Each structure stands twice: as structure tokens, then as C-alpha cells.
Amino acid sequence: SGLSGRLAGYYFTMIDNVNGLGYSAGAMEDFNREMQSVLKSIADGLMTRDMLETTMNDAMVSNSLVFFSRMIASCHIQTHPDHFAPFLGLDEGGGEQV
């Protein structure tokens, strides 16, 4: 439920080959797991501000969270193209505007 549930939904949309975007589950799993782990620690009150700062300053963790966040944003844009078409210079059918 909440943010964790929404992220899980986007994760499954990313890896669904039939109805989703068809990204490799193997490629996305580690990034999803890292994001879910950090969010769970925050939600459960196990992570202090200092711990969060240390976590975010760890290049491997930070890069994973940023990458997965970008993938979520991309997934949202791809699954809601009509909403974003004007910002991307596309008409509502997905073609370029002249």
C-alpha cells in the first residue's frame, strides 16, 4: 500500500512483456529491491536522518535509487502519453507536431 505499492505497480508494468513495457526483470529487480529496502527502513522508523544521509552518499545506493526513479518516471510517461504529449512536442496520437 502507499508509495511502496505504487512502486511495485510500476515495477510490474516495466517488466510485463504482454501489457507493459517489456524491460528485463533481471535488470530491474536489483534496483527495485534497493528502492523498496530504503523506503521500508524509512517507513518502519529504522533509518535516522544520519543513516539516510549516509545511505544517500553511498554512490552505489544513490545511483541505484536515481536510476530506478528515472525508470519509474519513464514508465509513467510511456503509460500516460496523452497527458505528456504537449510537453514532448507530440500530438495526442503520438506523432510529432509540425
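Residues numbered from 1 in each chain as written. Predicted model: local features only at pLDDT ≥ 70, side-chain atom pairs only at ≥ 80, totals over all residues. Heavy atoms only, no water.

Before going further, it helps to examine the packing of helix α1 (residues 2-15) against helix α2 (residues 25-43). Axis separation between α1 and α2 bottoms out at 10 Å; the angle between their running directions is 175°. By the angle class used here, α1 and α2 are roughly antiparallel. Here α1 contributes Leu3, Ser4, Leu7, Ala8, Tyr11, Met14 and Ile15 to the contact with α2, which in turn contributes Ala25, Met28, Glu29, Asn32, Met35, Gln36 and Leu39. (Axes fitted to C-alpha atoms, helices over the stretch in contact; angles between N-to-C directions. Helix = DSSP H or I, 4+ residues; strand = E, 2+ residues; numbered from the N terminus. Parallel < 35°, antiparallel > 145°, perpendicular 65-115°, else oblique. Contact = heavy atoms within 4.5 Å.)

A few words now on the packing of α2 against helix α4 (residues 59-79). Put simply, α2 and α4 touch, their axes get as near as 9 Å, and they point 105° apart. Considering the angle they form, α2 stands roughly perpendicular to α4. For the pair formed by α2 and α4, the contact residues are Met28, Phe31, Asn32, Glu34, Met35 and Val38 on the first element and Val61, Ser64, Leu65, Phe67, Phe68, Ser69 and Met71 on the second. Residues that form the contact of α2 with α4 fall into these classes: nine nonpolar, three polar and one charged. (Nonpolar A, V, L, I, M, F, W, Y, C, P; charged D, E, K, R; others polar.)

Compared with the 30 Å implied by 1.5 Å per residue over 21 residues, the 30 Å span of α4 between its first and last C-alpha is a close match. Three or more residues of α4 are buried, namely Val61, Ser62, Ser64, Leu65, Phe68, Met71, Ile72 and Cys75. Looking at the packing, one finds that the buried side of α4 touches α1, α2 and α3 (49-57). Among the residues of α4, the N-terminal cap falls to Asp58, whose side-chain oxygen and the backbone nitrogen of Met60 are separated by 2.9 Å. (Expected span 1.5 Å × (residues − 1). Buried < 20%, exposed > 50% of the residue type's maximum accessible area, 1.4 Å probe, protein only. Polar contact = N/O pair within 3.5 Å; in protein donor to acceptor, adjacent residues only side chain to side chain.)

The next point concerns a nonpolar patch on the surface. A grouping of Ile42, Leu52 and Met56 is seen on the molecular surface, where their side chains present a nonpolar patch of about 220 Å² in accessible area. Tracing the backbone through its elements, the reader meets Ile42 in helix α2. Look at Ile42 and you get partly exposed, because its relative accessible area is 39%. (Patch = residues over 30% accessible without salt bridge, like charges linked within 9 Å, V, L, I, M, F, W, Y side chains within 5 Å. Areas by Shrake-Rupley, 256 points an atom, 1.4 Å probe, with all protein chains shown as cover. Salt bridge = Lys/Arg side-chain N within 4 Å of Asp/Glu carboxyl O.)

These results come straight from atomic positions and should not be treated as a statement about function.
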